[in-house]
Amino acid sequence: IALISLLIFKTPYISVSLIILIDFLALLPTFRKCYSKPDEETIVMYFISGCIFVLSLLAIENYSFLTTGHQSAIILFDWGLVIYILIRRKILIR
């Protein structure tokens, strides 16, 4: 989808935005599952994934939305999910 938008609109900004949106939409079922069953998800995997993308950001020389947008979004999504799972676990223990 993002590649098609790049060919149609001839701008990479729309493609990067679409990739971020698609990744967010793909994560929604996980958020929904974590609401009712937070113990079934491993937070270590999402935390490490965020760390890996932080390292990839550190390797970039020229920062712009095109070079850092997707990595930054994945960090926010992964670490946001970790925080969400921890909060849900704490709430369900009560």
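Novice: Talk me through the nonpolar core; I want residue IDs and the actual numbers.
Specialist: Formed by Val16, Ile20, Leu27, Cys34, Ile43, Tyr46, Ala73, Ile74, Phe77, Leu81, Val82 and Ile85, the largest nonpolar core amounts to twelve residues. Of all elements in the fold, only α2 (12-36), α3 (43-58) and α4 (65-93) reach the threshold of two or more residues within this core. Of the residues forming this core, the biggest block, six residues, is contributed by α4. Phe77 has contacts with Ile20, Asp23, Phe24 and Leu27, leaving out every residue within four places of it along the chain.

Novice: Which residues make up the packing of α2 against α4, and what values do they have?
Specialist: It is the contact of α2 with α4, at a shortest axis distance of 10 Å, that shows an interaxial angle of 10°. Regarding the angle of α2 to α4, the classification is roughly parallel. A breakdown of the residues in the contact of α2 with α4 according to their chemical character gives 19 nonpolar, six polar and two charged.

Novice: Tell me about a nonpolar patch on the surface, and please be specific about residues and values.
Specialist: A contiguous nonpolar surface patch, about 400 Å² in accessible area, is contributed by Ile4, Ile8, Phe9 and Ile14. Counting residues per element, the nonpolar patch draws most heavily on helix α1 (residues 2-9), at three residues. The exposure class of Ile14 is partly exposed, given its relative accessible area of 32%.

Novice: Outline α3, supporting the account with residue identities and numerical values.
Specialist: Helix length check: α3 (16 residues) gives 23 Å between terminal C-alpha atoms against 22 Å at 1.5 Å per residue, within 8%. The set of residues buried in α3 consists of Ile43, Tyr46, Gly50 and Leu57. One face of α3 carries all of its buried residues, which in axial projection span an arc of 70°. Away from its buried face by more than 90 degrees, α3 exposes Val44, Ile52, Leu55 and Leu58. Taken together, the buried residues of α3 touch α2 and α4.

Novice: Before we move on, could you go through the side chain of Ser15 and cite the residues and values that matter?
Specialist: Among the structural elements, Ser15 can be located in helix α2. Filtering out sequence-adjacent residues up to four positions away, Ser15 remains in contact with Ala2, Ser5 and Leu6.

Novice: Before we move on, could you go through the pattern of salt bridges and cite the residues and values that matter?
Specialist: As enumerated under the stated definition, the model contains three salt bridges in all. Here Glu41 makes a salt bridge to Lys33, at a shortest N to O gap of 3.4 Å. The closest approach of N and O atoms between Arg89 and Asp39, which form a salt bridge, is 3.4 Å. Placement of Arg89 in helix α4 and of Asp39 in the loop between α2 and α3 is noted, with a sequence separation of 50 residues between them. For Arg89, a relative accessible area of 21% corresponds to the partly exposed category. We classify Asp39 as exposed; its relative accessible area is 63%.

Conventions and cut-offs
Residues numbered from 1 in each chain as written. Predicted model: local features only at pLDDT ≥ 70, side-chain atom pairs only at ≥ 80, totals over all residues. Heavy atoms only, no water. Core = buried A, V, L, I, M, F, W, Y, C linked by side-chain atoms within 4.5 Å. Buried < 20%, exposed > 50% of the residue type's maximum accessible area, 1.4 Å probe, protein only. Helix = DSSP H or I, 4+ residues; strand = E, 2+ residues; numbered from the N terminus. Contact = heavy atoms within 4.5 Å. Axes fitted to C-alpha atoms, helices over the stretch in contact; angles between N-to-C directions. Parallel < 35°, antiparallel > 145°, perpendicular 65-115°, else oblique. Nonpolar A, V, L, I, M, F, W, Y, C, P; charged D, E, K, R; others polar. Patch = residues over 30% accessible without salt bridge, like charges linked within 9 Å, V, L, I, M, F, W, Y side chains within 5 Å. Areas by Shrake-Rupley, 256 points an atom, 1.4 Å probe, with all protein chains shown as cover. Salt bridge = Lys/Arg side-chain N within 4 Å of Asp/Glu carboxyl O. Expected span 1.5 Å × (residues − 1). Arc of directions from axis to C-beta.

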